[in-house]
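Given next are the chains, with one letter for each unit.
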Amino acid sequence: MKKSLRFFLRFHLLLFFSVFFTLIDPKKVQAFTGTYGINYGRIADNIPSPDEVAVLLRASKIKNVRIYDADHSVLKAFSGTGLELVVGLPNGLVKEMSANESHAMDWVKENVQNFLPKTKICGIAVGNEVLGGADSELWGALLGAVKNVYNSIKKLHLDDVVQITTAHSQAVFANSYPPSSCIFKEGVDQFMKPLLDFFSQIGSPFCLNVYPFLAYMSDPENIDINYALFQSTQGIDDSKTKLHYDNMLDAQIDAAYAALEDAGFKKMEVIVTETGWASRGDSNEAAATVDNARTYNYNLRKRLAKKKGTPLRPKNVVKAYVFAIFNENQKPGPTSERNFGLFKPDGSIAYDIGFHGLKSSSAGSSHLSFKV
């Protein structure tokens, strides 16, 4: 009889603690299916319509998509497609959303709730490359905006559907070579750590925009381009961790993991929200060629398809959104900025990495169909 009672009590205690820890554990929403995604920038006046883009992405079997706003024409076009979309709250709205929670609620209702569930909005990126950016006033507003947007999502009972993030550039780091030495930049860290603390509570990852192309361009004399392009190379060794790196992207991701660990967030996942290689550039951008862009993006696809982690975090499968679908002819800056697209403005492929393009079905028709 005593044994039966002990068994009964033990069973119900285990059940209680199981339910208890499930309830207090933050919901971890997965805004990324698989390992490969793409950024849909639209600073152009000559690219296909959102409806045609949805067809293109489905044919290319690219499910994860990021946009930099919440344009309703895109949200409507993606309705019923199964494409999983991360929308962006632009930097120009960060201060307003930080100062006024009701405005954040209105924005979420208008641009997210109204389109769910037919449009699979699975994430909101609050600002882009705010910390470390030129507008230091935004730095102090970012956390408030993130909290107000998240609280709005939670009040609408969408926090188990929509993940809240923000993407960072490498400007948040004091250094990134060797990877193990990476820490957050002084001045940035006082804003970064409270943000990371909140993200750890709600189960959000650290999102990083990272370009081996830009790193190579900054120091071509000392960086082997093969290392940046996932080609055969001697690579580098990190003397502190004794880890070997045969490509720059892995090293850059592990630098972020090192900075997170130094800041006290060892368990936080890193997701690459932008990476790519320009296919054309100015006279001082010699590495921006079609061959290099094809090589980088083809090898990136192969790297992600392996579903492997990095040397420092072998169990954390690398996930990345490539930049970008199209060349964007109205982007400011050097020529390279307008030539990161995997596809040309007419929907045909910029170079072959295994995707299909779009072309006119007849000379007199504007209808786009698949080119197999």
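Residues numbered from 1 in each chain as written. Predicted model: local features only at pLDDT ≥ 70, side-chain atom pairs only at ≥ 80, totals over all residues. Heavy atoms only, no water.

Within an unreviewed UniProt entry, the label attached to the chain reads glucan endo-1,3-beta-D-glucosidase, and the organism entered is Citrus sinensis. What UniProt records for the chain under Catalytic activity (unreviewed entry) is the sentence "Hydrolysis of (1->3)-beta-D-glucosidic linkages in (1->3)-beta-D-glucans." You can read under Sequence similarities (unreviewed entry) in the UniProt record for the chain the words "Belongs to the glycosyl hydrolase 17 family." (UniProt positions renumbered as here; feature names shortened; annotations may be inferred.)

**Notes on the overall build of the chain**
The helix and strand tally for the chain stands at 11 helices and 14 strands. Residues classed as buried in the chain amount to 50% of the 372 residues present. Contacts in the chain between residues far apart in sequence, at least 24 positions, make up 67% of those at least 6 positions apart. For the chain, the exposed area adds up to about 17900 Å²; of that, 53% sits on carbon and sulfur atoms. (Helix = DSSP H or I, 4+ residues; strand = E, 2+ residues; numbered from the N terminus. Buried < 20%, exposed > 50% of the residue type's maximum accessible area, 1.4 Å probe, protein only. Contact = heavy atoms within 4.5 Å. Areas by Shrake-Rupley, 256 points an atom, 1.4 Å probe, with all protein chains shown as cover.)

**Digging into the pairing of strand S11 (residues 270–275)**
Taken across its six residues, S11 has six buried, putting it largely inside the fold. In this sheet, S11 lies alongside strand S8 (residues 206–209) in parallel orientation, the contact comprising four bridges. By the bridge assignment for S11, cysteine 207 is matched with isoleucine 271. The pairing of S11 with strand S12 (residues 320–323) spans two bridges and is classified as parallel. Residue threonine 275 lies in a different strand from S12, and its bridge partner there is valine 322. (Pairing = 2+ DSSP bridges.)

**A word on the layout of surface pockets**
If you add up the space inside the largest pocket, you get close to 910 Å³. Lining the largest pocket are 36 residues, and of these Gln170, Asn209, Val210, Tyr211 and Leu214 lie nearest its centre. When contributions to the lining of the largest pocket are tallied by element, the ones reaching two or more residues are helix H8 (212–218) and helix H10 (248–263). Looking at side-chain class alone, the lining of the largest pocket contains 15 nonpolar, 12 polar and nine charged residues. (1 Å grid on protein atoms, 1.4 Å probe; cavity = no way out; pocket = protein on both sides within 12 Å on 5 of 7 lines; lining within 4 Å. Points joined across faces, edges and corners; volume = space filled by probe spheres on them. Nonpolar A, V, L, I, M, F, W, Y, C, P; charged D, E, K, R; others polar.)

**A word on H10**
Between its terminal C-alpha atoms H10 stretches 23 Å, which fits the 22 Å expected from 16 residues at 1.5 Å a residue. The element H10 is largely enclosed, with a buried count of 14 among its 16 residues. For H10, the N-terminal capping position is held by asparagine 247, with its side-chain oxygen 3.2 Å away from the main-chain nitrogen of leucine 249. Looking one or two residues past H10, glycine 264 carries a phi angle of roughly 100°, positive in sign. (Expected span 1.5 Å × (residues − 1). Polar contact = N/O pair within 3.5 Å; in protein donor to acceptor, adjacent residues only side chain to side chain.)

**Here we look at the sheet that holds S12**
The parallel closed barrel is built from eight strands, whose spatial order is S1-S2-S3-S4-S5-S8-S11-S12. Averaged over all neighbouring strand pairs, the angle between strand axes comes to 25°, with direction disregarded. Pairing of strand S3 (residues 84–89) with strand S4 (residues 120–128) involves six bridges; the strand directions are parallel. Within the sheet, the bridge partner assigned to glutamate 84 lies in S4 and is lysine 120. Across the face of the sheet, helix H7 (residues 189–202) comes into contact with strand S5 (163–168) and S8 while running at roughly 150° to S5. (Axes fitted to C-alpha atoms, helices over the stretch in contact; angles between N-to-C directions.)

**Description of the packing of helix H5 (residues 101–111) against helix H6 (residues 136–155)**
Angle between the axes and distance between the axes: these two values describe a pair of packed helices. H6 packs onto H5 with a crossing angle of 60° between their chain directions and a minimal axis gap of 8 Å. When the axes of H5 and H6 are compared, the pair comes out oblique. Crossing handedness for the pair H5 and H6: right-handed. Only Asn148, Val149, Asn151, Ser152, Ile153 and Lys155 of H6 make contact with H5, whose side of the interface consists of Glu101, Ala104, Met105 and Val108. Looking at the contact of H5 with H6 residue by residue, the classes come out as five nonpolar, three polar and two charged. (Parallel < 35°, antiparallel > 145°, perpendicular 65-115°, else oblique. Left-handed = near helix turned anticlockwise from the far one by under 90°.)

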